[in-house]
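Summary of the model geometry
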Amino acid sequence: MVTSNQTLGSNASHPDGTDYEEYSADMTGLLSFQFWTWGVALNTLAILGIIGNILAITVLRHRRMRSSTSCYLIAQAVFDIIVLICSMLFFGLPVVSTAYATLYPYLHPYAYPTSLTAQTGTIYTTVAFTVERYIAVCRPLQASKMCTPRRAIRVILLVTLCSILYNVPRMLEYRNSYNTNPATNETVASYETTAFGADPIFQKVYLSYMYVPVIFLIPFFILSVLNVFLVLAVKKSQRTRAEMNARTSRENNLTIMVIVVVLVFLICQILAMIDNIYLTTVPHAQLMTNEYFIRFNGISTDMVCLNSAINFLLYCVFGNKFRKVFLHIYWCRKAASDRLDTSIQLITHRSLRNIENDKQTKSRPDHPMLISSQRKQSDRRRNRHRNNNHMNGHTKLIDMTPESEDHELSIGLIDQSEYEGVPVTPQALNNTIDDSTQRLVTESE
């Protein structure tokens, strides 16, 4: 994150695109200070911070971390990555690489507004998830409707859109220019301020009256007030620790993590705010020849990078759930996989052994399961025999006419219940069949 358009435009050691040594040969000690603060410290912080933010995004996207706060933290990590990359491009690399100086002028008109957009986005994303945590803790009745992932995504999109719109004037502030070097007859690229960027109204209204309040004063005030309310809410809940359930404990842990993130943000950004106030009230040329301000500017830039790089460490230290999910993903997954393979092999071996034992046991004549199976078979035979005896009480009548001797005609069923008390003998049954046949023949005629 850059502290101002002046320091960003020329990496704070090259004001207005001129070489620092040309106007201050006495400040060789500052070059060494700049090398260690930006060339070593800032580049190291940026590289580690980019790695940390990528790890944070992978953890926060895990299914166990899905929440509205996780959406805000993912967005902040993305903005922080952009800030750290731009910090390396504008501050770190020009100090350690002379070859990069030829590439830097091409990047400045485009990367400059991008870095300021990311700066605005990370500031107001911090404000957004602090407000969300305040609602969840201090206004729990409204939290179910307002603290949802869907609403968080909408807020993030709104913050991104407003950040882009606010920094549109920055996109018109600088442009590339090309000059020919008389000594070598080579075209040298550089950048220069446009007519819009040099306009007194733009300088006075946008840079002096709007930048510091919008980027620093208003967010700092909101974060400070909300953080006080969050601290009081956590203290109140800790006094009633005996009545806390697991959910309340998790909410308190998340609130403490947000409080720490906001405190670190305020501490790291306070130097950048002072730096920008000086830049908007004191002439730029006077500040760039002041040894103490140059050193202060270098330290404030490192603090801004530290803020964008340290969040992952804060999540691991103060976020119990984040730490557990991180260990599950990157540390315990292989061990858990090995334990799972061992367990599967052990279960498979035990299952095969139990199946073999069951086969041997069930083959014994006195095994209960075998006796039960034999009893079931005996019951089925007994029921089948009973059903057959019951069906013997019904007779299927057959048409005995010569025309259809081989054709069975279903005439009806003679229920034995109609002849209760009369013994059914073969002779009586034959008589009944003859009577029924004669009746059908008569009816057919």
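Notes on the structure follow. All of these numbers come straight from a predicted model, not from anything done at the bench.

1. So, the overall build of the protein chain
What the protein chain contains, in helices and strands, is 17 helices and two strands. For the protein chain, the proportion of its 445 residues judged to be buried stands at 38%. For the protein chain, long-range pairs separated by at least 24 residues make up 74% of all intrachain contacts whose partners lie at least 6 apart in sequence. Surface exposure of the protein chain reaches about 26,300 Å², of which carbon and sulfur atoms provide 60%.

2. Some points on the pattern of salt bridges
Evaluated as defined, the whole model comprises five salt bridges. For Glu173, the salt bridge goes to Arg170, with nearest N and O atoms at 3.4 Å. Ionic contacts of the salt-bridge type, sharing partners, join the residues Glu132, Arg133 and Glu251 into one network.

3. Focus: the packing of aromatic side chains
Under the criterion given, the structure shown has 20 aromatic pairs. Between the aromatic rings of Tyr174 and Tyr191, the centroid separation amounts to 5.8 Å while the plane-to-plane angle is 80 degrees, which identifies the pairing as edge-to-face. Pair noted here: Tyr174 is in strand S1 (residues 174-181) and Tyr191 is in strand S2 (residues 186-193), with a separation of 17 residues, a long-range link. Across the pair, exposure class does not vary: Tyr174 and Tyr191 are buried alike. One aromatic cluster is present, built from ring pairs that chain together Phe90, Tyr100, Tyr104, Tyr112, Tyr174 and Tyr191. Against the face of Phe33 rests Arg295, its NZ or CZ located 4.9 Å from the ring centre.

4. Looking at the pairing of S1
With eight bridges connecting them, S1 and S2 associate as antiparallel partners. Bridged to Asn179 within S2 is Val188. Count of turn residues in the S1/S2 antiparallel hairpin: four residues, of which Asn185 carries a positive phi of about 60 degrees.

5. Let's talk about the packing of helix H3 (residues 28-60) against helix H4 (residues 68-96)
For the pair H3 and H4, the least separation of the axes is 8 Å and the interaxial angle reads 155 degrees. Taken together, the axis directions place H3 and H4 in an arrangement best described as roughly antiparallel. Relative to H4, the crossing made by H3 is left-handed. Of the residues in the contact of H3 with H4, the class split is 21 nonpolar, eight polar and one charged.

6. Some remarks on a positive patch on the surface
Residues Arg61, Arg63, Arg64, Arg66, Arg250, Lys321 and Lys324 make up a contiguous surface patch of positive charge. For Lys324, the position within the fold is in helix H14 (residues 320-330). Classification of Lys324 as exposed rests on a relative accessible area of 55%.

7. What about the packing of helix H5 (residues 104-138) against helix H9 (residues 200-239)?
Running from amino to carboxyl end, H5 crosses H9 at an angle of 25 degrees, the nearest separation of the two axes being 10 Å. Considered as vectors, H5 and H9 are oriented roughly parallel to each other. In terms of crossing hand, the pair formed by H5 and H9 is left-handed. Here the residues of the contact of H5 with H9 sort into 19 nonpolar, four polar and one charged.

Rules and cut-offs
- Residues numbered from 1 in each chain as written.
- Predicted model: local features only at pLDDT ≥ 70, side-chain atom pairs only at ≥ 80, totals over all residues.
- Heavy atoms only, no water.
- Helix = DSSP H or I, 4+ residues; strand = E, 2+ residues; numbered from the N terminus.
- Buried < 20%, exposed > 50% of the residue type's maximum accessible area, 1.4 Å probe, protein only.
- Contact = heavy atoms within 4.5 Å.
- Areas by Shrake-Rupley, 256 points an atom, 1.4 Å probe, with all protein chains shown as cover.
- Salt bridge = Lys/Arg side-chain N within 4 Å of Asp/Glu carboxyl O.
- Phe/Tyr/Trp six-rings, centres within 6.5 Å; stacked < 30°, edge-to-face > 60°.
- Lys NZ or Arg CZ within 6 Å of the ring centre and 35° of its normal.
- Pairing = 2+ DSSP bridges.
- Axes fitted to C-alpha atoms, helices over the stretch in contact; angles between N-to-C directions.
- Parallel < 35°, antiparallel > 145°, perpendicular 65-115°, else oblique.
- Left-handed = near helix turned anticlockwise from the far one by under 90°.
- Nonpolar A, V, L, I, M, F, W, Y, C, P; charged D, E, K, R; others polar.
- Patch = residues over 30% accessible without salt bridge, like charges linked within 9 Å, V, L, I, M, F, W, Y side chains within 5 Å.
- Lys, Arg positive; Asp, Glu negative; His and termini not counted.
- Charge placed at Lys NZ, Arg CZ, Asp CG, Glu CD.

Functional significance is not addressed by these values, which are geometric in nature.
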